[in-house]
Amino acid sequence: MGALQETPRITPFLWFDGNAEEAVDFYLTVFQNSRKHNVVRSAVQTAVAEGKVLVIDFELDGQRFTALNGGPAFKFNKAISFSIACQNQQEIDHYWAKLTDGGAEVQCGWLEDRFGLSWQVVPANIGELIKTPKGMEAMMKMVKFNIAELERAANS
């Protein structure tokens, strides 16, 4: 039970189409305090060739994940996303630039990265900023969030 004791009870498990290692290596460059924990290679020939990466356990800024090279059967969709609470505009700009590189901007702080995974890059106080009608209206018009504009709208 040793390995299970080190793993959180609930861990997001991400299904990739043969590019799990590339995705994990990319995410490790985006988030500080990130690392790989364990790499499991396929012991036999399956959808993943023998000896190739099957599963990677990794951590992004304290959040544990598992990546699987599961093949083409399933794709990510916008029903699941990961939210990044940012303390300032510099953090929003950093994550937005990194994660949209090869990906796509969506709306209201949402984006899709080059692997098809959806992210929300938001001010840590987004709940407070959109409590007012003007704050909500400002948010709905934005793609990448501008904290100063949201604050002005929320306080007007």
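These numbers come from a predicted model, not from an experiment. (Residues numbered from 1 in each chain as written. Predicted model: local features only at pLDDT ≥ 70, side-chain atom pairs only at ≥ 80, totals over all residues. Heavy atoms only, no water.)

### Looking at the sheet that holds strand β4 (residues 63–69)
The strand order β1-β4-β3-β2 describes an open sheet built from four strands, whose pairing is mixed. Two strands bound the open sheet, and with one partner strand each, they are β1 (13–16) and β2 (35–41). Sheet twist, expressed as the mean angle between neighbouring strand axes with direction ignored, is 20 degrees. For β1 and β4, the ladder comprises four bridges, and the chain directions are parallel. (Pairing = 2+ DSSP bridges. Helix = DSSP H or I, 4+ residues; strand = E, 2+ residues; numbered from the N terminus. Axes fitted to C-alpha atoms, helices over the stretch in contact; angles between N-to-C directions.)

### Regarding the packing of aromatic side chains
In this structure the tally under the stated criterion is 12 aromatic pairs. On the numbers, 4.9 Å between centres and 90 degrees between planes, the contact of W15 with F74 is edge-to-face. Taken together, the positions of W15 in strand β1 and F74 in the loop between β4 and β5 (81–86) put the pair 59 residues apart, joining distant regions of the chain. Residue W15 is classed as partly exposed on the basis of its relative accessible area of 28%. Here the aromatic rings of F82 and W119 are separated by 5.6 Å at their centres, their planes lie at 50 degrees, and the arrangement is tilted. In this pair, F82 sits in strand β5 while W119 sits in strand β8 (residues 118–123), placing the two residues 37 residues apart along the sequence. With a relative accessible area of 16%, F82 lands in the buried category. Grouping aromatic residues by their ring pairs yields a cluster made of F16, F26, Y27, F31, F58, F65, F76, F82, Y95, F115 and W119. Just above the ring of F26 sits the side chain of R114; from NZ or CZ to the centre is 4.0 Å. (Phe/Tyr/Trp six-rings, centres within 6.5 Å; stacked < 30°, edge-to-face > 60°. Buried < 20%, exposed > 50% of the residue type's maximum accessible area, 1.4 Å probe, protein only. Lys NZ or Arg CZ within 6 Å of the ring centre and 35° of its normal.)

### Topic: the pattern of salt bridges
Where charged atoms from two side chains of opposite charge come close, those side chains can pair. Applying the stated criterion to the full structure yields eight salt bridges. Ionic pairing is found between K144 and D93, a salt bridge with its closest N-O pair at 2.9 Å. Here D93 lies in helix α3 (residues 89–100) and K144 lies in the loop between α5 (133–141) and α6 (147–154), a separation of 51 residues in the sequence. The partly exposed category is assigned to D93, whose relative accessible area is 31%. D101 serves as the salt-bridge partner of R114, at 3.6 Å between the closest nitrogen and oxygen. With a gap of 13 residues between them, R114 in the loop between β7 (110–112) and β8 and D101 in the loop between α3 and β6 (104–105) connect regions that are remote in the sequence. The class of D101 is partly exposed, set by a relative accessible area of 48%. Three or more residues joined by partner-sharing salt bridges are found here, namely E21, D25 and K36. (Salt bridge = Lys/Arg side-chain N within 4 Å of Asp/Glu carboxyl O.)

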